[in-house]
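Secondary and tertiary structure notes
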Amino acid sequence: MRLTAYFILVYLAIGLQIGMGDFARVGGSGARPDLVLLAVIFIGIHAPRDAALLGAFGIGLVKDMTTLSPLGLYAIAYSLVGLFTVSTQELVYRAHPVTHIMLGFAGSLLAGAVVLIHGWIKGPPASLAEMFGSALFTAVVAPVVLGLLNLARGAFSFRRRARMH
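Residues numbered from 1 in each chain as written. Predicted model: local features only at pLDDT ≥ 70, side-chain atom pairs only at ≥ 80, totals over all residues. Heavy atoms only, no water.

For the coordinates displayed, the defined rule picks out 6 aromatic pairs. Ring plane angle 50° and centroid distance 5.6 Å describe the contact between Tyr74 and Tyr78, whose orientation is recorded as tilted. With a gap of 4 residues between them, Tyr74 and Tyr78 both fall in helix α4 (residues 73-87), about one helical turn apart. Relative to Phe132, the ring of Phe105 lies with its centre 5.9 Å away and its plane at 80°, an arrangement referred to as edge-to-face. Here Phe105 is found in helix α5 (residues 97-122), whereas its partner Phe132 is found in helix α6 (residues 128-151), with 27 residues between them in sequence. Here Phe105 falls in the partly exposed class, since its relative accessible area comes to 22%. Above the ring of Tyr74, the side-chain terminus of Lys63 is found at 4.3 Å from the ring centroid. (Phe/Tyr/Trp six-rings, centres within 6.5 Å; stacked < 30°, edge-to-face > 60°. Helix = DSSP H or I, 4+ residues; strand = E, 2+ residues; numbered from the N terminus. Buried < 20%, exposed > 50% of the residue type's maximum accessible area, 1.4 Å probe, protein only. Lys NZ or Arg CZ within 6 Å of the ring centre and 35° of its normal.)

The next thing to look at is the nonpolar core. Counting 38 residues, the largest nonpolar core has Ile41, Phe42, Ile43, Ile59 and Tyr78 as the members making the most contacts within it. Counting residues per element, this core draws most heavily on helix α2 (residues 35-46), at 10 residues. With residues near it in sequence (within four places) discarded, Tyr78 still touches Asp34, Val36, Leu37, Val40, Ala56, Ile59, Gly60, Lys63 and Ala111. (Core = buried A, V, L, I, M, F, W, Y, C linked by side-chain atoms within 4.5 Å. Contact = heavy atoms within 4.5 Å.)

Below you can see the structure in the form of structure tokens.
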């Protein structure tokens, strides 16, 4: 995986997430899509296992440094999402919209559960309705975002290792 393309992806995902702010919120619940999570899923679908897990952790660290969350919260959450996504690489069709919807929904619920549990332990508690709404909203926009990222897949030059039998 090319690091230049990776850093550009991280920069754009974090920048768009911050820039969208309240414009992307739906209703009174405060739900909004997690574009950074979709970048983690994109890396997890296409990159080799080690690069994908390290990339997911790095994206989480950058998000931790740009939010008010404690350092490591999103790094752990996105690492778990990366681990889940990498484990499905050989089972799913990477370019199918249903795959994108399902991975977006499951990944968002997984990351949201980590943030929710942290809120219950350390406070302030996160809203369950906001987490579920964000998961739905992320799943809805996942085919569009991941479809656009699939068009730029060549810039990352993902390589697969040959499997040993």
